[in-house]
Amino acid sequence: MPAVISNIAQLREPSDYVNSLSLVANTSERIPIPTGRTFAVFSCTSNYYVKVGDSSVAAAVPSDVTDGTASELNPASFILPESNSYTHIAICTPVNAICTVSFYEVR
């Protein structure tokens, strides 16, 4: 049975689905969102930038971005409703780093 969060305001149980990325500075890596998983928790050894989208989504270490399309800096977690079109998460770091993404099914 997949790991489940019954209330996201509470402490979470260990995830049974964790991806780990060895990131090269300023290079976006994309991972698919597992089917049925609607909550992602991020951890990284440096600052990181995240963007969600489809199979072509790319994150970037931004300079000046004023049109709403910048990647988000150091999000702790995201709710990923199944009703949206998100299929992938992209992560980018300004230095070489290791990042993990733990996925959960929220009920």
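Read on for a plain summary of the structure. Remember, it's a predicted structure, so these values are computed and weren't measured experimentally.

1. Structural notes on the state of the cysteines
Part 1: This model, assessed by the stated rule, comprises one disulfide.
Part 2: Here Cys44 connects covalently by a disulfide to Cys99, the sulfurs 2.0 Å from one another. Measuring the twist about the S-S bond at about -50°, one finds the Cys44-Cys99 disulfide to be left-handed. Of this pair, Cys44 sits in strand β4 (residues 39-44) while Cys99 sits in strand β9 (residues 97-106); the two residues are 55 residues apart in sequence, bridging distant segments of the chain.
Part 3: There is no disulfide at Cys92, and the cysteine sulfur nearest it, in Cys99, is 9.5 Å away.

2. What about the sheet that holds strand β3 (residues 29-32)?
Part 1: Pairing is antiparallel in the open sheet, where four strands are placed in the order β3-β8-β5-β6. Looking along the sheet, the strands with just one partner apiece sit at the ends: β3 and β6 (72-73).
Part 2: Looking at chain direction, strand β5 (residues 49-53) and β6 are connected through two bridges and run antiparallel. When the bridges of β6 are listed, Val50 appears paired with Glu72.

About the cut-offs
Residues numbered from 1 in each chain as written. Predicted model: local features only at pLDDT ≥ 70, side-chain atom pairs only at ≥ 80, totals over all residues. Heavy atoms only, no water. Disulfide = S-S within 2.5 Å. Helix = DSSP H or I, 4+ residues; strand = E, 2+ residues; numbered from the N terminus. Pairing = 2+ DSSP bridges.

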